[in-house]
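Coordinates in review
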Amino acid sequence: MAQRQITDFNGLVMFRRDYRERDMLVKFFTDQFGKKMFFIRGARKRGFKLAAALLPFTQGTYVGNIHEEGLSFINAAKEYHQFQSISTDIGLNAYATYILNLIDVAFTDNQPLPRWYQQAVLSVQLIDDGFDPEIITNINEIQLLAAFGVAPYLESCVICHRSDLPLDYSESYGGLLCQKHFHLDPYRFHASARAIYLLRQFSVLNLSKLTSISVKQATKDELRRIIDRIYSDTVGLSLKSKHFIDDMKNWDHLLKP
Ligand SMILES: [Zn+2]
């Protein structure tokens, strides 16, 4: 028989989906149990008492009937709050949605992921507080590569381990090459020193220690191209939530005078 327990847990709503006529499935990222799908009976009925506690981008303390596998249930919400800027700004919403989507596909459900729970909540909090959503996204993308089975070596040159010479990214070597070894890969990224520097910083950065960050748009655009290339060539991932961000950037260009 499947293990189950009624318990308090902290959680963040990752996404929701209508289910049958009146019900809903809500995927939560929980602090202790990892990602879990909850069945919410009657969630779409008018006057449903937990409606506000289950809105997208809501984090709180809930009481639930946790099943080890399959669907779990929520009995009550103790305290909760919704991230307001993200909920009302389509741009911020798009980045936060993509980050949670990426974390969702990187790991299996029902597996405790305390480090990633903290990181997901922090990422959403930082974006809600006005930190650059593109950078918060890049940091997560780089740090999630290991979960996708791609752990690029970004400490120094993969061949000689020097880090005092100019460095560039090589997909075929799975990491950085120094100037002396550039000749080994004609398809190296030819990335700027600034972009490589940030890539290395992002791979080890602790989000809880982030106090401010400011990156020039040209460097952000370059980072976007580099990370897109790594994801499409090495991870092979194509998410709707990411396409939405790409489309959104195109609208920006179209709307600019
Ligand atoms: Zn080298």
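Residues numbered from 1 in each chain as written. Predicted model: local features only at pLDDT ≥ 70, side-chain atom pairs only at ≥ 80, totals over all residues. Heavy atoms only, no water.

Brief notes about the overall build of the chain
In terms of regular secondary structure, the chain is built from seven helices and eight strands. Structurally, the chain occupies a C-alpha span of about 65 × 55 × 35 Å along its principal axes. The burial tally for the chain puts 50% of its 257 residues in the buried class. Summarising the internal contacts of the chain: among those between residues at least 6 apart in sequence, 60% fall at separations of at least 24. Of the roughly 13,300 Å² that the chain leaves accessible, carbon and sulfur atoms contribute 51%. In the chain, the 30 positive side-chain charges and the 28 negative ones have mean positions that sit 3 Å from each other. (Helix = DSSP H or I, 4+ residues; strand = E, 2+ residues; numbered from the N terminus. Buried < 20%, exposed > 50% of the residue type's maximum accessible area, 1.4 Å probe, protein only. Contact = heavy atoms within 4.5 Å. Areas by Shrake-Rupley, 256 points an atom, 1.4 Å probe, with all protein chains shown as cover. Lys, Arg positive; Asp, Glu negative; His and termini not counted. Charge placed at Lys NZ, Arg CZ, Asp CG, Glu CD.)

So, the UniProt feature "domain: DNA replication/recombination mediator RecO N-terminal" (unreviewed entry) in the chain
Within this structure's numbering, the places UniProt gives as "domain: DNA replication/recombination mediator RecO N-terminal" (unreviewed entry) are residues 8–78. The span residues 8–78 is 0% helix and 61% strand, and its two end C-alpha atoms sit 9 Å from each other. (UniProt positions renumbered as here; feature names shortened; annotations may be inferred.)

Comments concerning the domain arrangement of the chain
It is common to report an interface's size as the accessible area lost on association of the parts. With domains assigned, the chain is organised as domain 1 (4–82) and domain 2 (88–255). Each of domain 1 and domain 2 has a C-alpha centre, and the two are 30 Å apart. The partner domain 2 presents 19 residues to the 20 residues of domain 1 that form the contact. Sorting the residues of domain 1 by area buried against domain 2 places F29, K35 and F57 first, and these three jointly supply 43% of that buried surface. Viewed at the interface, domain 2 and domain 1 are joined by four salt bridges. D104 is the salt-bridge partner of K35, the closest N and O atoms lying 3.0 Å from each other. Where domain 1 touches domain 2, the interface holds eight residue pairs in polar contact (both at pLDDT 80 or more). Of all the elements in the fold, those that place two or more residues in the side of domain 1 that touches domain 2 are β1 (4–19), β2 (23–30) and β3 (34–40). Of the residues belonging to the side of domain 1 that touches domain 2, the class tally is seven nonpolar, seven polar and six charged. (Domains from an automatic or database assignment. Buried area = accessible area lost by both parts, 1.4 Å probe. Salt bridge = Lys/Arg side-chain N within 4 Å of Asp/Glu carboxyl O. Polar contact = N/O pair within 3.5 Å; in protein donor to acceptor, adjacent residues only side chain to side chain. Nonpolar A, V, L, I, M, F, W, Y, C, P; charged D, E, K, R; others polar.)

Side note on the pairing of strand β8 (residues 175–178)
In the sheet, strand β6 (residues 153–157) pairs with β8 via two bridges, with the strands oriented parallel. The residue bridging Y153 from the neighbouring strand is G175, located in β8. As paired strands, strand β7 (residues 167–170) and β8 are joined by four bridges and run antiparallel to one another. Paired with Y169 across the strands is L176, a residue of β8. Adjacent in sequence and paired antiparallel, β7 and β8 are bridged by four residues, among which G174 carries a positive phi angle near 65°. (Pairing = 2+ DSSP bridges.)

Comments concerning helix α3 (residues 114–128)
With 15 residues, α3 should reach 21 Å at 1.5 Å per residue; the first-to-last C-alpha distance of 21 Å fits that figure. Listed as buried for α3 are W116, Y117, Q119, A120, V121, S123, V124, L126, I127 and D128. On its buried face, α3 sits against β1, β2, β4 (58–67), α1 (84–88), α2 (90–106) and α4 (133–144). Positioned one or two residues after α3, G130 has a phi angle of 105°, which is positive. (Expected span 1.5 Å × (residues − 1).)

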